[in-house]
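Each chain is listed here by its residues.
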Amino acid sequence: SQDPLVIFTPSGKRGHFPVGTPILTAARQLGVDLDSVCGGRGICSKCQVTPSFGEFPKHGVTVEEGALSEWNKVEQRYDDIRGLPKGRRLGCQATVQGDVVVDVPPESQVHKQVVRKRAEARDITLDPVVKLYYVEVEEPDMHEPSGDLERLVTALEEQWEIKGVRADLHILSTLQPCLRKGEWKVTVAVHLGDEENPPRVMHVWPGYHEGTVYGMAVDLGSTTIAAHLCDMSTGEVVASSGLMNPQIRFGEDLMSRVSYSMMNSDGAQEMTTAVREGMDALFTQIAADAEIDKSLIMDVVVVCNPVMHHLFLGIDPFELGQAPFALATSDAMRLRASDVDLSIHPLARLYMLPCIAGHVGADAAAVALSEAPDKSEDLVLVVDVGTNAEILLGDKEGVLACSSPTGPAFEGAQISAGQRAAPGAIERVEINPVTKEPRFRVIGSDIWSDEDGFAAATAVSGVTGICGSGIIEVIAEMRMAGLVDAGGLIGSTEQTGTDRCFADGRTNAYRLWDGDEDQKPITVTNGDIRAIQMAKAALYSGARLLMDKRGVDNVDRVVLAGAFGAHISAKHAMVLGMIPDCPLDKVTSAGNAAGTGARIALLNRAARAEIEDTVRKITKIETAVEAKFQEHFVNASAMPNSSDPFPILRT
Ligand code: FES
């Protein structure tokens with residue numbers, strides 16, 4: 001008669017196996033995702049499964065008690081020491097005795113899905129580049145002399161099918177005592193390598209090592225450095241923190257840093273040292289917060305814009321400051337973390353995503369990895385707004401990219417009452433279209449002001465200014481209330497019927513908040529509107545240029561990435577004509593998509609080759625040399641803008 005049938009859930013994979021076959025072996029043969037660090041020796045308990053009994057009409061089997069071998073000594077010992085949850089068996093110990101249905105719980109899957117807070121464009125499948133393996137190494141034999149390392153390499157190959165593992169001197173100095181202390185059983189952290197590098201031993205622990213190893217995903221911005229410490233065996237973010245980029249003292253924006261490096265012979269070097277020291281200090285702080293040993297951090301992924309990319313690597317960004325904006329290299333970088341002075345594990349590696357073009361950096365590549373426009377069925381426009389807007393447009397047929405110089409107005413700079421997003425800043429505004437009276441809400445409070453601004457003013461430390469999302473809302477609301485014309489001019493008291501609009505030199509201004517004893521009133525001036533018009537025109541014309549190249553007048557959906565994108569209201573952005581016309585429910589926010597992209601590249605090694613391939617295929621558009629860009633820019637300064645249709649907006 002036929003061998004017993006083994007069915008795995010949730011995968012549904014099935015096959016017949018001889019009586020006595022361990023479940024782990026059956027899983028391996030069927031390609032079922034069942035974890036194991038100890039290689040079936042009953043030590044790691046990663047292989048836990050839950051057998052089910054009873055009738056399974058769907059699978060056409062009835063499972064009887066006794067379909068699996070009895071609880072054995074190894075399981076008993078494991079249960080005595082650490083406890084095995086009720087109903088669970090060790091897959092490497094339980095053997096097939098009859099037809100059986102075996103469930104693989106999520107925590108026993110090797111390629112588990114990393115839990116993410118919201119539905120995002122892609123899931124992260126855990127498959128990090130550094131993993132732990134338990135091996136039993138042959139003891140040395142006088143009659144067949146070979147080195148301890150060679151026998152470790154053979155064990156990794158035979159027990160784990162990892163071929164050609166190399167080891168640095170650092171490992172050799174600890175290997176012999178470890179092997180002897182662990183009685184020829186050791187746990188090895190292996191960096192699995194990539195196109196350029198063979199697999200490498202990163203660390204050796206005697207015996208079975210219970211712990212885990214860590215990686216760091218870094219979003220290196222011009223203003224802040226943000227890093228997430230991730231557990232490489234669960235994919236969880238264990239701790240996160242951010243730090244002001246210490247390069248700020250050399251220039252607030254990127255171009256002033258490029259000119260600092262041109263003006264000072266050691267300028268680039270000083271900035272390189274500053275950013276590396278900053279990142280190292282941030283790592284130290286995060287490791288301390290998480291109470292882990294910094295030397296357990298074995299892999300780092302960094303995403304950043306091209307200027308930061310060069311300054312971090314120690315390359316003078318001079319060429320990026322002038323046409324044709326040539327990068328030293330646009331390829332992904334694979335380095336030792338010690339090459340950039342990070343004091344984590346001495347053999348830790350560092351991966352930087354590829355840059356897309358001279359103005360479109362590894363941060364935009366990370367956004368592409370996270371939002372996957374290249375896999376989209378419908379045509380998606382992804383914009384990451386900062387001092388530069390990085391714009392991607394595409395679908396499965398192809399992706400185009402450009403960057404557009406929006407300037408800092410969206411961050412509240414160049415705005416008379418503008419400030420960074422912080423408590424006290426006005427972030428939400430409504431203007432009554434009949435009375436023209438405003439209500440607003442400030443960051444740090446969930447109370448809307450009454451028409452005198454009273455509640456918001458008293459809710460926190462007062463009203464201190466307007467942040468980027470607030471300025472967009474107030475201008476869009478002013479436009480909808482008929483206080484501003486399409487050209488961006490604020491009406492007079494007579495024209496608008498409210499004394500909130502008043503003469504301000506040769507133009508008019510709008511009083512958003514009356515002020516109190518401590519704070520000056522907050523007004524929106526024509527200059528403010530002008531600055532936002534310029535910024536939004538730059539953003540819109542970049543998007544429009546890509547749409548021209550693609551030959552379309554509309555996009556199916558819009559994704560707003562970045563901190564700014566997370567706070568801005570889609571309706572107000574569209575009223576201003578910042579983004580092309582599109583149904584409002586098709587405008588979504590992706591949060592910090594660049595940071596998410598860094599985390600994907602950290603936790604899934606295949607994602608690295610994938611994004612390198614995607615970036616090679618992206619069509620790069622340089623806005624500076626496109627005559628059409630200027631034309632669009634002029635048209636796009638009107639609200640929404642003077643030449644393109646916004647049919648959905650009008651309805
Ligand atoms: Fe390690 Fe079963 S594989 S305990």
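Residues numbered from 1 in each chain as written. Predicted model: local features only at pLDDT ≥ 70, side-chain atom pairs only at ≥ 80, totals over all residues. Heavy atoms only, no water.

Asker: Help me out: how do you make sense of the pairing of strand 27 (residues 522-525) in this one?
Answerer: If a strand is regular, its side chains alternate between the two faces of the sheet. Of the two faces of strand 27, both are covered, the one formed by Ile522 and Val524 as well as the one formed by Thr523 and Thr525. Summarising the sheet, strand 26 (residues 507-513) and strand 27 pair through four bridges and their orientation is antiparallel. Within the sheet, the bridge partner assigned to Trp513 lies in strand 27 and is Ile522. (Buried < 20%, exposed > 50% of the residue type's maximum accessible area, 1.4 Å probe, protein only. Helix = DSSP H or I, 4+ residues; strand = E, 2+ residues; numbered from the N terminus. Pairing = 2+ DSSP bridges.)

Asker: Before we go on, may I ask you to explain the sheet that holds strand 18 (residues 349-352) in this structure?
Answerer: Hydrogen bonds between backbone atoms are what pair the strands of a sheet, whose relative direction is either parallel or antiparallel. Pairing is mixed in the open sheet, where six strands are placed in the order 15-14-13-16-18-17. In this open sheet, the two edge strands, each paired with only one partner strand, are strand 15 (237-244) and strand 17 (333-336). Direction aside, the axes of adjacent strands within the sheet are offset by 20 degrees on average. Pairing of strand 14 (residues 224-231) with strand 15, which is carried by seven bridges, proceeds in the antiparallel orientation. (Axes fitted to C-alpha atoms, helices over the stretch in contact; angles between N-to-C directions.)

Asker: Hey, could you run me through the packing of helix 3 (residues 148-160) against helix 4 (residues 169-181) in this one?
Answerer: When two helices pack together, their arrangement is given by the angle between their axes and by how far apart the axes lie. Interaxial distance between helix 3 and helix 4 falls to 10 Å at its minimum, and their mutual angle equals 75 degrees. When the axes of helix 3 and helix 4 are compared, the pair comes out roughly perpendicular. Only Leu172, Leu175, Gln176, Leu179 and Arg180 of helix 4 make contact with helix 3, whose side of the interface consists of Asp148, Leu149 and Leu152. Taken together, the residues of the contact of helix 3 with helix 4 break down into five nonpolar, one polar and two charged. (Parallel < 35°, antiparallel > 145°, perpendicular 65-115°, else oblique. Contact = heavy atoms within 4.5 Å. Nonpolar A, V, L, I, M, F, W, Y, C, P; charged D, E, K, R; others polar.)

Asker: Explain the packing of aromatic side chains to me, please; I cannot follow it from the model alone.
Answerer: Between two aromatic rings, the relevant description is the distance of the centres plus the angle of the planes. Scanning the entire structure with this criterion turns up four aromatic pairs. The interplanar angle of 35 degrees and the centroid separation of 6.4 Å between the aromatic rings of Phe629 and Phe633 together place this pair among those described as tilted. Residue Phe629 and its partner Phe633 are both found in helix 17 (residues 627-636); the two are separated by four residues, about one turn of the helix. Taken as a pair, Phe629 and Phe633 share a single burial class, namely buried. Sitting over the face of the ring of Tyr351, Arg608 holds its NZ or CZ atom 4.7 Å from the ring centroid. (Phe/Tyr/Trp six-rings, centres within 6.5 Å; stacked < 30°, edge-to-face > 60°. Lys NZ or Arg CZ within 6 Å of the ring centre and 35° of its normal.)

Asker: Would you explain the sheet that holds strand 25 (residues 501-504) in this entry?
Answerer: Within the open sheet, the three strands sit side by side as 25-26-27. Their pairing is antiparallel. Looking along the sheet, the strands with just one partner apiece sit at the ends: strand 25 and strand 27. Going across the sheet, the axis of each strand differs from the next one's by a mean of 40 degrees, ignoring polarity. Packed on one face of the sheet, helix 12 (residues 526-550) meets strand 26 and strand 27 and runs near 60 degrees to strand 27.

Asker: Could you clarify how one ought to interpret the pairing of strand 10 (residues 130-136) in this entry?
Answerer: Taken across its seven residues, strand 10 has six buried, putting it largely inside the fold. As judged from the seven bridges shared by strand 10 and strand 11 (residues 185-191), these two strands associate in the antiparallel manner. When the bridges of strand 11 are listed, Val135 appears paired with Val186.

Asker: When you look at a negative patch on the surface in this model, what are you seeing that I'm missing?
Answerer: A cluster of acidic side chains, namely Glu138, Glu139, Asp141, Glu144, Glu157, Glu158, Glu161 and Glu183, defines a negative patch on the protein surface. Inspection of the secondary structure puts Glu144 in the loop between strand 10 and helix 3. Taking relative accessible area as the criterion, Glu144 reaches 59% and is therefore assigned exposed. (Patch = residues over 30% accessible without salt bridge, like charges linked within 9 Å, V, L, I, M, F, W, Y side chains within 5 Å. Areas by Shrake-Rupley, 256 points an atom, 1.4 Å probe, with all protein chains shown as cover. Salt bridge = Lys/Arg side-chain N within 4 Å of Asp/Glu carboxyl O. Lys, Arg positive; Asp, Glu negative; His and termini not counted. Charge placed at Lys NZ, Arg CZ, Asp CG, Glu CD.)

Asker: What is the right way to read the nonpolar core from this model?
Answerer: Generally speaking, soluble globular proteins have nonpolar side chains that are buried together. Of all hydrophobic cores here, the largest spans 112 residues; its most connected members are Leu152, Val302, Phe312 and Leu353. When residues in this core are grouped by element, the largest group, nine residues, is from helix 6 (residues 267-289). Look past the residues within four positions of Leu353 in its chain and what remains in contact with it is Val301, Val302, Val303, Ala332, Ala362, Ala365, Ala366, Leu369, Ala601 and Ile611. Core analysis: the next-biggest nonpolar cluster, separate from the first, contains 62 residues, Ile415, Val484, Ala535 and Val575 among them. (Core = buried A, V, L, I, M, F, W, Y, C linked by side-chain atoms within 4.5 Å.)

Asker: Quick question: what am I supposed to make of unusual backbone geometry here?
Answerer: Negative phi is the rule for most residues except glycine; trans is the rule for most peptide bonds. Cis rather than trans, the peptide bond between Thr9 and Pro10 has omega equal to 0 degrees. Along the chain, the position of Pro10 falls in the loop between strand 1 (5-9) and strand 2 (14-16). One non-glycine residue, Glu161, adopts positive backbone phi at about 55 degrees. Relative to the assigned elements, Glu161 resides in the loop between helix 3 and helix 4. Accessibility expressed as a relative area gives 66% for Glu161, which makes it exposed. One non-glycine residue, Phe325, lies in positive phi territory at about 55 degrees.

Asker: How should I be thinking about the packing of helix 8 (residues 362-371) against helix 15 (residues 593-603) in this particular structure?
Answerer: Running from N to C, helix 8 and helix 15 cross one another at 75 degrees; their axes reach a closest spacing of 7 Å. Overall, the two elements helix 8 and helix 15 adopt an arrangement that is roughly perpendicular. Across the interface between the two elements, Asp363, Ala366, Val367, Leu369, Ser370 and Glu371 from helix 8 touch Ala593, Ala594, Thr596, Gly597, Ala598, Ile600 and Ala601 from helix 15. For the contact of helix 8 with helix 15, the per-class residue count stands at eight nonpolar, three polar and two charged.

Asker: Please clarify how the environment of Asp378 should be interpreted in this entry.
Answerer: Following the sequence through the fold, Asp378 ends up in the loop between helix 8 and strand 19 (380-385). C-alpha of Asp378 to C-alpha of Phe318: the two residues are 60 residues apart in sequence and 39 Å apart in space. The contact partners of Asp378, leaving out residues within four places of it in the chain, are Gly394, Asp395, Asp556 and Arg557.

Asker: Just to check I follow, could you spell out helix 3 for this structure?
Answerer: An α-helix turns once every 3.6 residues. As a result, residues three or four positions apart point the same way. Across its 13 residues, helix 3 extends 18 Å between first and last C-alpha, which sits within 8% of the 18 Å expected from 1.5 Å per residue. Taken together, the buried positions of helix 3 are Asp148, Leu149, Arg151, Leu152, Val153, Ala155, Leu156 and Trp160. Taken together, the buried residues of helix 3 touch helix 1 (23-30), strand 10, helix 4, strand 11 and strand 12 (200-206). Count one or two residues on from helix 3 and you reach Glu161, which has phi positive near 55 degrees. (Expected span 1.5 Å × (residues − 1).)

Asker: Honestly, the confidence of the model for the protein chain in this entry has me stumped. Any pointers?
Answerer: Detailed conclusions should not be drawn from predicted coordinates in areas where pLDDT is low. Looking at the protein chain, the pLDDT average stands at 88 and 95% of residues meet or exceed 70. Within the protein chain, no element has a lower average pLDDT than helix 18 (residues 647-650), which sits at 55, and none a higher one than strand 18, at 97. Within the model, pLDDT remains below 50 along residues 117-121, and this stretch shows six contacts once partners closer than five positions in the same chain are excluded. (pLDDT = per-residue confidence, 0-100.)

Asker: Got a minute to help me understand the domain arrangement of the protein chain in this structure?
Answerer: Think of interface size as the accessible area that goes away when the parts come together; that is how it is often given. Partitioning the protein chain into structural domains gives domain 1 (5-108), domain 2 (114-206), domain 3 (216-352) and domain 4 (364-408 + 532-650). Domain 1 and domain 2 are separated by 26 Å when their C-alpha centres are compared. Its largest share of buried area at the contact with domain 2, domain 1 owes to Val37, Arg41 and Ile43, together 78% of the area lost on that side. Applying the counting rule to domain 1 against domain 2 returns one salt bridge. For Glu136, the salt bridge is made with Arg41, and the minimal N-O distance between the two is 2.9 Å. Applying the counting criterion to the domain 1 and domain 2 interface returns three residue pairs in polar contact (both at pLDDT 80 or more). When grouped by side-chain class, the residues that make up the side of domain 1 that touches domain 2 number three nonpolar, two polar and two charged. (Domains from an automatic or database assignment. Buried area = accessible area lost by both parts, 1.4 Å probe. Polar contact = N/O pair within 3.5 Å; in protein donor to acceptor, adjacent residues only side chain to side chain.)

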